[in-house]
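Residues per chain are reported as follows:
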Amino acid sequence: MSTLPSNLLDQLELQSIELPSWAFGNSGTRFKVFATPGTPRDPYEKIADAAQVHAYTALAPTVALHIPWDKVDSYDDLRKHAEDQGVALGTINSNTFQDDDYKFGALTHEDAAVRQKAIDHHFECIDIMHATGSRDLKIWLAEGSNYPGQADLRGRQDRLHESLATIYERLGDEDRLVLEYKFFEPAFYHTDVPDWGTSYAQVAALGDKAMVCLDTGHHAPGTNIEFIVMQLLRLGKLGSFDFNSRFYADDDLIVGAADPFQLFRIIFEVIRGGGFNHPDVAFMLDQCHNVEDKIPGQIRSVLNVQEMTARALLVDTDALRAAQVAGDVLEANRIFMDAFYTDVRPALAEWRESRGLPADPMAAFAASGYLARIAADRVGGVQAGWGA
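Reading guide: rules and limits
Residues numbered from 1 in each chain as written. Predicted model: local features only at pLDDT ≥ 70, side-chain atom pairs only at ≥ 80, totals over all residues. Heavy atoms only, no water. Helix = DSSP H or I, 4+ residues; strand = E, 2+ residues; numbered from the N terminus. Rg over C-alpha atoms; globule rule 2.2 N^0.38 Å. Buried < 20%, exposed > 50% of the residue type's maximum accessible area, 1.4 Å probe, protein only. Contact = heavy atoms within 4.5 Å. Areas by Shrake-Rupley, 256 points an atom, 1.4 Å probe, with all protein chains shown as cover. Lys, Arg positive; Asp, Glu negative; His and termini not counted. Charge placed at Lys NZ, Arg CZ, Asp CG, Glu CD. Axes fitted to C-alpha atoms, helices over the stretch in contact; angles between N-to-C directions. Parallel < 35°, antiparallel > 145°, perpendicular 65-115°, else oblique. Left-handed = near helix turned anticlockwise from the far one by under 90°. Nonpolar A, V, L, I, M, F, W, Y, C, P; charged D, E, K, R; others polar. Pairing = 2+ DSSP bridges. Salt bridge = Lys/Arg side-chain N within 4 Å of Asp/Glu carboxyl O. Phe/Tyr/Trp six-rings, centres within 6.5 Å; stacked < 30°, edge-to-face > 60°. Lys NZ or Arg CZ within 6 Å of the ring centre and 35° of its normal.

Enquirer: Sorry if this is basic, but what is going on with the overall build of the chain here?
Expert: What the chain contains, in helices and strands, is 14 helices and 10 strands. Radius of gyration (C-alpha) of the chain: 21 Å, near the 21 Å computed for a compact globule of 388 residues. Seen through its principal axes, the chain has C-alpha atoms that stretch 60 × 60 × 40 Å. The proportion of buried residues among the 388 residues of the chain is 54%. Taking contacts inside the chain between residues at least 6 apart in sequence as the whole, the part at least 24 apart equals 80%. Only carbon and sulfur atoms are counted for the fraction: they give 51% of the accessible area of the chain, which is about 16800 Å². One finds the centroid of the 34 positive side-chain charges in the chain at a distance of 2 Å from the centroid of its 57 negative side-chain charges.

In C-alpha cells form, the structure reads like this:
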C-alpha cells in the first residue's frame, strides 16, 4: 500500500510508546550478562540514548525509570535533562526483588517489619513521581513459593491487599497504582499475582486510581491475550501495557518478533475497546537487548508497534461486523486477515518523510555515528538492565 487514509494517519500521529530506561543498560540471563560498548554509566546517559529513539521515530516521548537502578541526587535535574533531550520522565517502577530481606516476599512477607520496609520503598517511589512529574507507580512482585505447603496462600493475599492499600492511600489525586501480573518466575509453585484476574481483584478492591498492567510476555503459552485486553477494557481497569515478545517464557524479546499476528490482534482489541490513544491506557516497552544493540533494538520495537497499529486501523469494521452478524465465518476472517497482510511499510515511510522524519529510522540512526561516539566516550558503563 502506497498511501494511508488521512484519518488513519491522524490517529497514528498521536501514538506514543514509553521506553524503559533499563532497556539501554546491560542485561542478560542467569547464565551470562554480555557487556555492550557504550553502555550508559548513569541514568542521564540512559535518557540520552532513549531520546535518540524519539528523535528518529517521534514515537517515544517518555522514559520510564526503575528505582533503585535510576536513583539520582536530584530528580529536578534529571527531569530538566530529559526535557533538554526532547523527552519527559514517565512511569516509576518499584523494585522489591533484589534485596535479601525479600527472599520470602516483600509486600506479602510474614514479618511486618519486612512488609513495612517494602511499603516504605513504594513511598519513596511516590515521592520520586512527584519530583519527576510522573503519574504512574508500577508494581511487579517477584513473590510466591516453590513447594506445596511452603506458604499460606490465603494469608499472603490478605497481606498483599493490606500492603497495597497502605501504598494506595499515599497516592496523590492525579497518581495511579498499576499492578502487573506474571504467571511464574522466579517462583515456580505459586506466584502471588499470577494472572489478570488476581491483579484485577486486588486493584478493584483499592479504588479508581488502581489499574492492571498487562505484560504480553507474562502469560502461559497459548493464552488468548487479546481476550484479556478486551475484558480489562470492558471493566475499565486496563491501565498500561508492557510490550515485548516471547517464544517460551518471559523472554523480553523485541515486540512483534515472535508473533506479529498476535500483536495485531491485541492492538485491534485495544482500538475496538476505545483504548487506543486513550490517556488512561499507556503503551510501554519492557524488553532486554541481550545480544543486539540496544538503541536500534528499541527503534525496531516502536516501529513494529506502529506498523501493527496501522494494519489494525485498516480493518473494515463495518464490513467485519456485517459478516459477523450474518454468520459468514470465512468472510469475517478474510476481512480481518486482509488488513493484517497489508504491507503498510512504504506508506509509513512516505508519511514519515512528510513529517520531517527519516523514511527509514533504522538506517538513518545507523548512519548517524552515534553508537561509535558513545562507545568511544563511555568507558566502564555498567548500568543495570533486567538480569544484570
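From this point, things continue past the structure.
Enquirer: For this particular structure, what's the right way to read the packing of helix H3 (residues 75-84) against helix H4 (residues 112-132)?
Expert: When two helices pack together, their arrangement is given by the angle between their axes and by how far apart the axes lie. Packing of H3 against H4 brings their axes to within 8 Å, and their N-to-C directions diverge by 45°. With respect to each other, H3 and H4 are oriented oblique. Relative to H4, H3 is oriented so that their crossing is right-handed. Residue-level inspection shows Tyr-75, Asp-76 and Arg-79 of H3 in contact with H4, the latter providing Ile-128, Ala-131 and Thr-132. Partitioning the contact of H3 with H4 into residue classes produces 3 nonpolar, 1 polar and 2 charged.

Enquirer: Looking at this structure, how should I read the sheet that holds strand S10 (residues 282-285)?
Expert: In sheet architecture, strand pairing relies on hydrogen bonds along the backbone and comes in two forms, parallel and antiparallel. Taken in spatial order, the 8 strands of this open sheet run S1-S2-S3-S4-S6-S8-S9-S10, and their pairing is parallel. Two strands lie at the open edges of the sheet, namely strand S1 (19-20) and S10, each paired on one side alone. Here strand S4 (residues 136-139) runs beside strand S6 (residues 176-180); their pairing, made up of 4 bridges, is parallel. Bridged to Lys-138 within S6 is Val-178. The sheet strands contacting helix H5 (residues 153-170) are S4, S6 and strand S8 (210-215), and the helix crosses S6 at an angle near 150°. In this fold helix H9 (residues 294-313) packs onto S1 and S10, with an angle of close to 145° to the strand it touches most, S10.

Enquirer: What should I look at first to understand the pattern of salt bridges in this one?
Expert: The full count for this structure, using the stated rule, is 24 salt bridges. Taking the shortest distance from any N to any O, the salt bridge between Glu-124 and Lys-71 comes out at 3.0 Å. Within this pair, whereas Glu-124 is found in helix H4, its partner Lys-71 is found in the loop between strand S2 (62-66) and H3, the two being separated by 53 residues in sequence. Residue class for Glu-124 comes out partly exposed when judged on its relative accessible area of 28%. Since its relative accessible area comes to 44%, Lys-71 is described here as partly exposed. Glu-331 is paired through a salt bridge with Arg-334; the nearest N and O atoms lie 2.6 Å apart.

Enquirer: Would you take a moment to explain the packing of aromatic side chains for this structure?
Expert: To describe a pair of aromatic rings, you give the distance between the ring centres and the angle between the ring planes. Taken as a whole, this structure holds 17 aromatic pairs when the rule is applied. Consider the rings of Tyr-56 and Phe-365, whose centres lie 5.6 Å apart with planes at 85°: the pair is edge-to-face. Placement of Tyr-56 in helix H2 (residues 43-57) and of Phe-365 in helix H13 (residues 361-368) is noted, with a sequence separation of 309 residues between them. Across the pair, exposure class does not vary: Tyr-56 and Phe-365 are buried alike. Here the aromatic rings of Phe-261 and Phe-264 are separated by 6.1 Å at their centres, their planes lie at 20°, and the arrangement is stacked. Residue Phe-261 and its partner Phe-264 are located together in helix H8 (residues 260-272), separated by 3 residues, close to a single helical turn. Given a relative accessible area of 23%, Phe-261 falls into the partly exposed group. Owing to a relative accessible area of 0%, Phe-264 belongs among the buried residues under this scheme. Three or more aromatic residues link up through ring pairs in this structure, and these residues are Phe-261, Phe-264, Phe-268, Phe-336, Phe-340 and Tyr-341. When the ring centre of Tyr-168 is taken as reference, the NZ or CZ atom of Lys-209 above it lies at 5.5 Å. Here the basic side chain of Arg-355 rests over the ring of Trp-351, its NZ or CZ set 4.3 Å away from the ring centre.

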